[in-house]
Amino acid sequence: WIGLLAALRRSELLALTVGDLGEVAGMHRCTVEIRKSKTDQDMRGVTLVVPGSETRPAHIDPVRCIQAWLQELTDMHGGTLPADTPLFPGINHAGRPNASAMTGQAWSARLSELAEISGAISDPGQLKMVSGHSLRRGFVTDAARRGQTAVQIQRVTRHTDLAALARYVGQLQQQ
């Protein structure tokens, strides 16, 4: 949910730690602190908001899914969860989390697996196209299909070059 709704790059998503998440007081939302990204080499960082939906079932509400994942991580770590814990840790052969973040290759494989398990994609050819970039691209695709303008999409994706964003939308229109 974080990767999709905040249109994160794979590198941004995999760099997240537990301490990068926050709550918006009195609202069903959470914040995500991106400390460094491709377009923020000075590491000024940016705080993004991931909206929740109290009307959706818990398993498809972004905020409740994030809270459930944090509880799962806490359990995997034996009840303590330091702020520098990777939000998406690598998992060893015994099913325990590593101290380091998941690799980009492992993330792409897991995302493809989740797409298949969820039924979102059943065509084996399409599953091969799922990558670590699919969530960011999926956000742009969905936003464009819902009629959002390039500027509205850019506010979320943080593209500094509208021409790069336009390539996504142009490819969508050709399909």
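Residues numbered from 1 in each chain as written. Predicted model: local features only at pLDDT ≥ 70, side-chain atom pairs only at ≥ 80, totals over all residues. Heavy atoms only, no water.

### Quick word on the packing of aromatic side chains
Following the criterion strictly, the structure yields 1 aromatic pair and no others. Here the aromatic rings of Phe-88 and Trp-107 are separated by 5.6 Å at their centres, their planes lie at 50 degrees, and the arrangement is tilted. Separated by 19 residues along the polypeptide, Phe-88 in the loop between helix H3 (62-76) and strand E4 (89-91) and Trp-107 in helix H4 (residues 104-118) bring together distant segments of the chain. Here the two residues Phe-88 and Trp-107 agree in accessibility, since each one is buried. (Phe/Tyr/Trp six-rings, centres within 6.5 Å; stacked < 30°, edge-to-face > 60°. Helix = DSSP H or I, 4+ residues; strand = E, 2+ residues; numbered from the N terminus. Buried < 20%, exposed > 50% of the residue type's maximum accessible area, 1.4 Å probe, protein only.)

### Some details on the pattern of salt bridges
Scanning the model with the defined rule gives 6 salt bridges in all. Where Arg-110 meets Glu-113, a salt bridge forms, and the shortest distance between an N and an O atom there is 2.4 Å. With Arg-110 and Glu-113 both in helix H4 and 3 residues apart, this pair spans about one turn of that helix. Take Glu-113: its relative accessible area is 38%, and that puts it in the partly exposed class. When salt bridges with common partners are traced through the structure, they connect Arg-9, Glu-12 and Arg-158 into a single cluster. (Salt bridge = Lys/Arg side-chain N within 4 Å of Asp/Glu carboxyl O.)

### A word on the nonpolar core
Of all hydrophobic cores here, the largest spans 25 residues; its most connected members are Ile-2, Leu-8, Leu-13, Leu-16, Val-32, Leu-87 and Trp-107. Only helix H2 (10-15), strand E2 (29-34), strand E3 (46-51), H3 and H4 provide two or more residues apiece to this core. Setting aside residues up to four positions removed in sequence, Leu-8 forms contacts with Ile-2, Gly-3, Leu-13, Leu-16, Ile-34, Leu-48, Arg-136 and Arg-158. Listed in part, the 8 residues of the second largest apolar core include Ala-7, Val-140, Ala-144 and Leu-165. (Core = buried A, V, L, I, M, F, W, Y, C linked by side-chain atoms within 4.5 Å. Contact = heavy atoms within 4.5 Å.)

### A word on H4
Over its 15 residues, H4 runs 21 Å from end to end, which matches the ideal 21 Å to within 8%, given 1.5 Å per residue. Every buried residue belonging to H4 is among Gly-104, Trp-107, Ser-108, Leu-111, Ser-112 and Ala-115, and all of these are buried. All buried residues of H4 fall inside an arc of 135 degrees around its axis, so they share one side. Along H4, the residues that are exposed and aim more than 90 degrees away from the buried face are Gln-105, Glu-116 and Ile-117. Just downstream of H4 lies Gly-119, where phi reads positive at about 85 degrees. (Expected span 1.5 Å × (residues − 1). Arc of directions from axis to C-beta.)

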